[in-house]
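Remarks on the overall topology
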Protein chains: 2
Amino acid sequence: MTDRTARPRDTPRTRPAKAPLSREAVIAAALRLVDETGTGAVTMRRVAQALDTGPASLYVYVADRDELMAEVYDLALAGVRLPGPADGDWRAQLELLVDRAITTLGGHDGIALVAITRAPTGPNALRLLEASMTLLRAGGIDDSLCPWAADLLDQFVTSSALELAARLRHQRVLAATGDSADATEAAMSAAAGSELDAAYGNLSPDTHPTITALLPAMTTAGRDSHGHATWKLGVIIDGLLLHHRRR
Amino acid sequence: MTDRTARPRDTPRTRPAKAPLSREAVIAAALRLVDETGTGAVTMRRVAQALDTGPASLYVYVADRDELMAEVYDLALAGVRLPGPADGDWRAQLELLVDRAITTLGGHDGIALVAITRAPTGPNALRLLEASMTLLRAGGIDDSLCPWAADLLDQFVTSSALELAARLRHQRVLAATGDSADATEAAMSAAAGSELDAAYGNLSPDTHPTITALLPAMTTAGRDSHGHATWKLGVIIDGLLLHHRRR
DNA sequence: ACCTGAACACCGTTCAAGT
DNA sequence: ACCTGAACACCGTTCAAGT
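What counts, and at which threshold
- Residues numbered from 1 in each chain as written.
- Chains lettered and ligands numbered in written order.
- Predicted model: local features only at pLDDT ≥ 70, side-chain atom pairs only at ≥ 80, totals over all residues.
- Heavy atoms only, no water.
- Helix = DSSP H or I, 4+ residues; strand = E, 2+ residues; numbered from the N terminus.
- Contact = heavy atoms within 4.5 Å.
- Buried < 20%, exposed > 50% of the residue type's maximum accessible area, 1.4 Å probe, protein only.
- 1 Å grid on protein atoms, 1.4 Å probe; cavity = no way out; pocket = protein on both sides within 12 Å on 5 of 7 lines; lining within 4 Å.
- Points joined across faces, edges and corners; volume = space filled by probe spheres on them.
- Nonpolar A, V, L, I, M, F, W, Y, C, P; charged D, E, K, R; others polar.
- Near = heavy atom within 4 Å.
- Polar contact = N/O pair within 3.5 Å; in protein donor to acceptor, adjacent residues only side chain to side chain.
- Salt bridge = Lys/Arg side-chain N within 4 Å of Asp/Glu carboxyl O.
- UniProt positions renumbered as here; feature names shortened; annotations may be inferred.
- Least-squares fit on C-alpha atoms with pLDDT ≥ 70 in both.

**What to know about the side chain of lysine 232 of chain A**
Within the secondary structure, lysine 232 of chain A sits in helix α12 (residues 225-244). Excluding residues that lie within four positions of it along the chain, lysine 232 of chain A makes contacts with Phe156 and Glu163 of chain A together with Trp148, Asp151, Leu152 and Gln155 of chain B.

Okay, structure coming up:
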């Protein structure tokens, strides 16, 4: 923020009027924009504007918007620290790794959308794939199934991150709209689920007996979303262990 | 194609110059466009063009593009037939239901993207939710966990459908690019995975020992993708049964 | 050699003016 | 009352012309 005025005695030669462009600067600016305005609002023009240049200049450093977003995705993944032996056995470490990946990606709005269109091959994606497969192998999952298992976990991470991002976005909108006075965390998540509750609540027991019967459980299901995600991950790992362990 | 000239003796009164617009016609035209050109290429302008009108006219029937795509999503889901007792026990039926949902959604390009941004509440989404929860309950899953289990299955359906759609799109591109002579199914899926194989193959055993060690399993993992999806679903159901069955 | 102004071919959405 | 032409405020990407 104060960088440009912090060293007023720099000569023009050592302090250029603006930071020089680079592939890294473009990617970092795009990630900042993802966090501030949402993935959908990240346009080449806005990234350029944030860097004090024109949109055409970006094409010196990235091929197109798709490639830029793929790099932003990998930069976001750089924020995921790998668990170590201090975090417990292989299963505890794997659960921690998946949880961190979901939290980190979900914290950068819809950046996980990138992983849906194209399979990520950036250095950080490969770093996390290596880590998860190593943990699966340590858990005794058969070698031939480790890639499939890792793929299932990755699918879970991506979709959970997008679910988290959607919830955070929804909460942000509600916080901006409603009175800030009584916008408690609880009130916000209650309001966030209310549209869904309405869709379920208006159904007839004749046509939708099970939904109607389980309505209390359905409305409370969205309450503790982190607990929900942890439970789901547990289910997947349980399933992996049931049949597919090396003898 | 020949509709306009098929009944030349119709009076103008009984045969209007063009089919009258309606919400249903707009949604159906949009789904046709999804199949023909891909979800990303579905614009209000192109939908209007397909209906021989201007983009502004669509806003009489749908609030905006988001609402239109949500309706297209539910129309796509209408193509999923529910399994019945003739298809086997609850587990066989549930697996069939999930498989049909993935195949159907994945066959309409990226339409499943709609389910990521907003939780679907259309009649067909509710029909499938009712069916899956009924089957889970029949399988003995505890009432309080059925909504969570159904949510996990839904997450799996959505992400698997998008994975399938991406693969089909990739194959279509390759088929259009390469010689049609030797574009066999096998050659195409081999080429489709080759970029990923390259990303894995170039890694050093020092930095990525597990990926390198499991390389043969990784490259064959993408081969039988339907078998892969079935296996993953089996893992999830196994996990659900392990701990969460009603006593 | 590196950078970019201006242009091209698009978008979603609105609204005044028509029938 | 219903429909829509034209416009507004945007897009991603290209390329000729500058330095």
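There is more to say, and it comes next.
**Comments concerning the environment of aspartate 66 of chain A**
Residue and element names in this part refer to chain A. Counting through the fold element by element, aspartate 66 comes out in helix α4 (residues 65-77). Judged by its relative accessible area of 44%, aspartate 66 is partly exposed. Between the C-alpha atoms of aspartate 66 and arginine 118, which are 52 residues apart in sequence, the distance is 9.4 Å.

**Side note on empty space enclosed by the protein**
Unoccupied space between atoms shows up once a probe the size of one water molecule is rolled over them. Under the counting rule described, the total for this entry stands at 1 cavity of 30 Å³ or more. Roughly 60 Å³ of internal volume is contained in the largest cavity. The wall of the largest cavity is formed by Leu152, Gln155, Phe156, Ser159 and Ile236 of chain A together with Leu152, Gln155, Phe156, Ser159 and Ile236 of chain B. Those elements giving two or more residues to the lining of the largest cavity turn out to be α8 (146-177) of chain A together with α9 (146-177) of chain B. Per-class residue counts for the lining of the largest cavity are 6 nonpolar, 4 polar and no charged.

**A look at the protein's contact with DNA strand D**
DNA strand D sits among 16 residues. The nearest are Arg45, Tyr59 and Arg65 of chain A together with Ala56 and Ser57 of chain B. Protein-adjacent atoms of DNA strand D, using a 4 Å cutoff, are sugar or phosphate at a proportion of 52%. The contact in question runs from a phosphate oxygen of DNA strand D to an N or O atom on the backbone of arginine 65 of chain A, over 2.9 Å. Between DNA strand D and the protein, one listed contact pairs a phosphate oxygen with a side-chain N or O atom of threonine 53 of chain B at 3.2 Å. Only α3 (44-50) of chain A together with α4 (55-58) of chain B provide two or more residues apiece to the surface near DNA strand D. For the surface near DNA strand D, the leading source of residues is α3 of chain A, giving 3 residues. In the surface near DNA strand D, the residues fall into 7 nonpolar, 3 polar and 6 charged.

**Some thoughts on the pattern of salt bridges**
Residues and elements named next belong to chain A. For the coordinates displayed, the defined rule picks out 16 salt bridges over all chains. With a closest N to O distance of 2.6 Å, arginine 23 and glutamate 71 form a salt bridge. Of this pair, arginine 23 sits in helix α2 (residues 23-37) while glutamate 71 is found in helix α4, placing the two residues 48 residues apart along the sequence. Owing to a relative accessible area of 28%, glutamate 71 belongs among the partly exposed residues under this scheme. A cluster of three or more residues bridged by salt bridges with shared partners is formed by Arg23, Glu67 and Glu71.

**Some details on the protein's contact with DNA strand C**
Neighbouring residues of DNA strand C: 15 residues in total, closest Ala56 and Ser57 of chain A together with Arg45, Tyr59 and Arg65 of chain B. Of what DNA strand C places within 4 Å of the protein, 50% of the atoms are sugar or phosphate. A distance of 3.4 Å separates a phosphate oxygen of DNA strand C from a polar side-chain atom of threonine 53 of chain A. Separating a base nitrogen of DNA strand C from a side-chain N or O atom of arginine 45 of chain B is a distance of 2.5 Å. Put simply, the parts of the chain that give the surface near DNA strand C at least two residues each are α3 (44-50) and α4 of chain B. Across the surface near DNA strand C, the residue classes break down as 7 nonpolar, 3 polar and 5 charged.

**Describing the UniProt feature "DNA-binding region" (unreviewed entry) in chain A**
The UniProt entry lists residues 43-62 of chain A under the feature "DNA-binding region" (unreviewed entry), expressed in the numbering used here. In residues 43-62 of chain A, the share of helix is 35% and the share of strand is 0%. The end C-alpha atoms are 13 Å apart.

**Things to note about the relation of the copies chain A and chain B**
Note that the two copies of the chain are related through a rotation about an axis and a translation along the same axis. In screw terms, the move from chain A to chain B is a rotation of 180° and a rise of 0.0 Å along the axis, fitting with an RMSD of 0.0 Å. In short, the pair behaves as if placed about a two-fold rotation axis. It is glycine 239 of chain A whose C-alpha, among those of chain A, lies nearest the rotation axis, at 1.8 Å. Comparing interface residues between copies, 100% of those in chain A also lie at the interface in chain B; the contact surface is shared.

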